[in-house]
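Spelled out, the chains give:
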Amino acid sequence: MIMRRMGAVFLAGGLSVLAGLGAHAASGSSALPPPDPTAKNLTPYMIQLRAFDACLVTQSRLMSTTREAVHTPCSCYAKGTVGSMTKDELQAFRDTGYFNDSARAKGLGFIDQCKLKRPV
């Protein structure tokens, strides 16, 4: 009987801790991923390669096809997007590891232009 009560206490305590952690995570000010420290010293070409690789993975999955099938459109997307980025947008990528809002808008334009599927 004592063991059953202790188990109930531990279960209730564990659930309250989990609920508190969930509330804390939900109250965070940003839904963005943490900064990527490996992006700090990337050249525009290296950023382009990252965009190209991410495009291959994402678009092959979205289009249910092979990476080879989306090679040319992803090359178009990566070259166009990174080539059109300003120095500030490139620096923002280096600081965070992902495109800021203005670079993301340019990327969406190149997704359309290069005949790729927009991620939902």
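My aim in this report is to walk through the structure given alongside it, one point at a time. (Residues numbered from 1 in each chain as written. Predicted model: local features only at pLDDT ≥ 70, side-chain atom pairs only at ≥ 80, totals over all residues. Heavy atoms only, no water.)

### Details of the overall build of the chain
Thinking step 1. A tally of regular secondary structure across the chain gives five helices and zero strands.
Thinking step 2. Every one of the 120 residues in the chain was classed for burial, and the buried ones make up 27%.
Thinking step 3. Residue pairs in contact within the chain that sit at least 24 positions apart in sequence constitute 56% of those at least 6 positions apart.
Thinking step 4. Accessible surface, the chain: about 8300 Å² in total, of which carbon and sulfur atoms supply 64%. (Helix = DSSP H or I, 4+ residues; strand = E, 2+ residues; numbered from the N terminus. Buried < 20%, exposed > 50% of the residue type's maximum accessible area, 1.4 Å probe, protein only. Contact = heavy atoms within 4.5 Å. Areas by Shrake-Rupley, 256 points an atom, 1.4 Å probe, with all protein chains shown as cover.)

### Details of the packing of helix H3 (residues 71-84) against helix H5 (residues 101-113)
Thinking step 1. Orientation of H3 relative to H5, taken along the N-to-C sense of each, is 145 degrees, at an axis distance of 9 Å. In the crossing of H3 with H5, the sense of the turn from one axis to the other is right-handed. Residues Cys76, Tyr77, Gly80, Thr81 and Ser84 of H3 form the contact with H5, whose own contacting residues are Ala103, Lys106, Gly107, Phe110 and Ile111.
Thinking step 2. Partitioning the contact of H3 with H5 into residue classes produces five nonpolar, four polar and one charged. (Axes fitted to C-alpha atoms, helices over the stretch in contact; angles between N-to-C directions. Left-handed = near helix turned anticlockwise from the far one by under 90°. Nonpolar A, V, L, I, M, F, W, Y, C, P; charged D, E, K, R; others polar.)

### Examining unusual backbone geometry
Thinking step 1. Here the phi dihedral of Ser64 falls at roughly 50 degrees; this positive angle occurs in a residue that is not glycine.
Thinking step 2. Residue position: Ser64 is located in the loop between helix H2 (44-62) and H3.
Thinking step 3. Backbone geometry places Lys115, a non-glycine residue, at a positive phi of 65 degrees.
Thinking step 4. In this fold, Lys115 is placed in the segment after H5.
Thinking step 5. On the accessibility criterion, Lys115 (68% relative accessible area) is exposed.

### Overview of the nonpolar core
Thinking step 1. Core analysis: the largest hydrophobic core is formed by 21 residues, its most contacted members being Tyr77 and Phe99.
Thinking step 2. At the level of secondary structure, the elements contributing two or more residues to this core comprise H2, H3, helix H4 (87-96) and H5.
Thinking step 3. Ranked by residue count, the leading element in this core is H2, at five residues.
Thinking step 4. Setting aside residues up to four positions removed in sequence, Tyr77 forms contacts with Ala51, Cys55, Phe99, Gly107, Phe110, Ile111, Cys114 and Leu116. (Core = buried A, V, L, I, M, F, W, Y, C linked by side-chain atoms within 4.5 Å.)

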